[in-house]
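Summary of the model geometry
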Amino acid sequence: DGGITQSPKYLFRKEGQNVTLSCEQNLNHDAMYWYRQDPGQGLRLIYYSQIVNDFQKGDIAEGYSVSREKKESFPLTVTSAQKNPTAFYLCASSMSTAGTRAGELFFGEGSRLTVL
Amino acid sequence: AQSVTQLDSQVPVFEEAPVELRCNYSSSVSVYLFWYVQYPNQGLQLLLKYLSGSTLVESINGFEAEFNKSQTSFHLRKPSVHISDTAEYFCAVITYNTDKLIFGTGTRLQVFP
């Protein structure tokens, strides 16, 4: 089945450590996104990528980094510079970032990161 | 700048009762509108969308939403809810000229037996 796979589902990290969240899609979508979800705040965009080897900062990019070396993969690294990293992280993809397609996102099941 | 407001953070309702989840948006240009649903510990799924044409749009599981341009609203309704409808619902908007999807803060629908 086509879809988006995120791993790990749950992750614990000590303060000061970097951690990388995996996101893989087999939908052949050009665009991929990372969102952060906190209770009562909805979804906030961290980074997005329209095409391989290119990505742009979203609204809350500080303390995060990404890469897009392959069309199907868009890993997110939460660095030690991120002051409040405990959250639920969602990866998504869409056919493109243009027009109506930009609103039709397919989401993974999320990764819950807890910093101890 | 565009924005989305979901006034109700939580909506408790009994099974088989009707429900309305409110969504208002702010934009000076034309918009596309979406409702997403998130079941516990899962990602979001697209529930329905308004792109153009008929202002009333429906989902496969009995939800409907009506685009009201004069009131800048896109409320989600269901005439009779099930326990399985318990989830968080997010309204989202994208304008014709930005391609940036903005999400509301979500409404948690809790259906009781």
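Keep in mind that this is a model prediction, so the values were computed, not measured. (Residues numbered from 1 in each chain as written. Chains lettered and ligands numbered in written order. Predicted model: local features only at pLDDT ≥ 70, side-chain atom pairs only at ≥ 80, totals over all residues. Heavy atoms only, no water.)

Per-residue confidence for chain B gives a mean pLDDT of 92, with 100% of residues at or over 70. Averaged pLDDT values for the elements of chain B fall to 91 in strand β7 (residues 56–58) of chain B and rise to 98 in strand β3 (residues 19–21) of chain B. (pLDDT = per-residue confidence, 0-100. Helix = DSSP H or I, 4+ residues; strand = E, 2+ residues; numbered from the N terminus.)

What follows concerns a nonpolar patch on the surface. Residues and elements named next belong to chain A. A cluster of nonpolar side chains, Tyr10, Phe12 and Leu116, forms an exposed patch at the surface whose accessible area comes to about 380 Å². Secondary-structure assignment places Leu116 in the segment after β11 (111–115). Leu116 gets classed as exposed once you look at its relative accessible area, which sits at 64%. (Patch = residues over 30% accessible without salt bridge, like charges linked within 9 Å, V, L, I, M, F, W, Y side chains within 5 Å. Areas by Shrake-Rupley, 256 points an atom, 1.4 Å probe, with all protein chains shown as cover. Salt bridge = Lys/Arg side-chain N within 4 Å of Asp/Glu carboxyl O. Buried < 20%, exposed > 50% of the residue type's maximum accessible area, 1.4 Å probe, protein only.)

Our next topic: the sheet that holds strand β7 (residues 64–66) of chain A. Residue and element names in this part refer to chain A. In space, the four strands of this open sheet follow the order β1-β3-β8-β7, with antiparallel pairing throughout. Strands with a single pairing partner mark the edges of an open sheet, and in this sheet they are β1 (4–7) and β7. When strand polarity is set aside, the average angle formed by the axes of neighbouring strands in this sheet is 20 degrees. Alignment of strand β3 (residues 19–25) against strand β8 (residues 76–78), held across three bridges, turns out to be antiparallel. What sits directly across from Val19, in β8, is Val78. (Pairing = 2+ DSSP bridges. Axes fitted to C-alpha atoms, helices over the stretch in contact; angles between N-to-C directions.)

This next bit is on the interface of chain B and chain A. Taken together, the contact pairs 20 residues of chain B with 23 residues of chain A. The junction of chain B with chain A conceals about 1600 Å² of combined surface from both sides, 56% of it contributed by carbon and sulfur atoms. Counting the contacts that link chain B with chain A gives six residue pairs in polar contact (both at pLDDT 80 or more). Of all the secondary-structure elements, those providing two or more residues to the side of chain B that touches chain A are β5 (31–38), β6 (44–50) and β10 (87–95) of chain B. No other element matches the four residues that β5(B) contributes to the side of chain B that touches chain A. A breakdown of the residues in the side of chain B that touches chain A according to their chemical character gives 10 nonpolar, six polar and four charged. (Contact = heavy atoms within 4.5 Å. Buried area = accessible area lost by both parts, 1.4 Å probe. Polar contact = N/O pair within 3.5 Å; in protein donor to acceptor, adjacent residues only side chain to side chain. Nonpolar A, V, L, I, M, F, W, Y, C, P; charged D, E, K, R; others polar.)

Another aspect to go through is the environment of B:Val31. Residue and element names in this part refer to chain B. Within the secondary structure, Val31 sits in strand β5. Of the residues examined, Val31 reaches a relative accessible area of 5% and is grouped as buried. A sequence separation of 74 residues divides Val31 from Thr105, and the C-alpha atoms of the two residues are 18 Å apart. Dropping the residues within four chain positions of it, Val31 is found in contact with Tyr25, Phe67, Val93, Ile94, Thr95 and Tyr96.

Attention now moves to the pattern of salt bridges. This structure, assessed with the given rule, holds 11 salt bridges over all chains. A salt bridge links A:Lys71 to A:Asp30, with the shortest nitrogen-to-oxygen separation between them at 3.3 Å. Pair noted here: A:Lys71 is in the loop between β7 and β8 and A:Asp30 is in the loop between β3 and β4 (31–38), with a separation of 41 residues, a long-range link. The exposure class of A:Lys71 is partly exposed, given its relative accessible area of 26%. Note that B:Arg108 and B:Glu88 form a salt bridge whose closest N and O atoms lie 3.1 Å from each other. Of this pair, B:Arg108 sits in strand β12 (residues 107–112) while B:Glu88 sits in strand β10, placing them 20 residues apart in sequence. Sharing partners across several salt bridges, the network here consists of A:Arg36, A:Asp38 and A:Arg44.

Across all of its chains, the model carries two disulfides over all chains by this definition. Two residues share a disulfide in this structure: A:Cys23 and A:Cys91, whose sulfurs sit 1.9 Å from each other. Classification of the bridge connecting A:Cys23 and A:Cys91 rests on its S-S torsion, roughly -75 degrees, and on that basis the disulfide is left-handed. Of the two residues, A:Cys23 is situated in strand β3 and A:Cys91 in strand β9 (residues 87–94); the sequence distance between them amounts to 68 residues. Shown here is the disulfide that connects B:Cys23 with B:Cys91, its sulfur atoms set 1.9 Å apart. (Disulfide = S-S within 2.5 Å.)

The biggest cluster of nonpolar side chains holds 28 residues, and the ones touching the most others in it are B:Leu33, B:Trp35, B:Leu47, B:Leu48, B:Phe74, B:Leu76 and B:Tyr89. Only β2 (10–14), β3, β5, β6, β8 (64–68), β9 (73–78), β10 and β12 of chain B provide two or more residues apiece to this core. Not counting residues within four places of it along the chain, the set of residues in contact with B:Phe74 comprises B:Cys23, B:Leu33, B:Phe34, B:Trp35, B:Leu48, B:Lys49, B:Tyr50, B:Val57, B:Ala65, B:Glu66 and B:Phe67. In terms of nonpolar packing, the next biggest core, distinct from the first, is built from 20 residues, A:Tyr35, A:Leu90, B:Phe90 and B:Leu101 among them. (Core = buried A, V, L, I, M, F, W, Y, C linked by side-chain atoms within 4.5 Å.)

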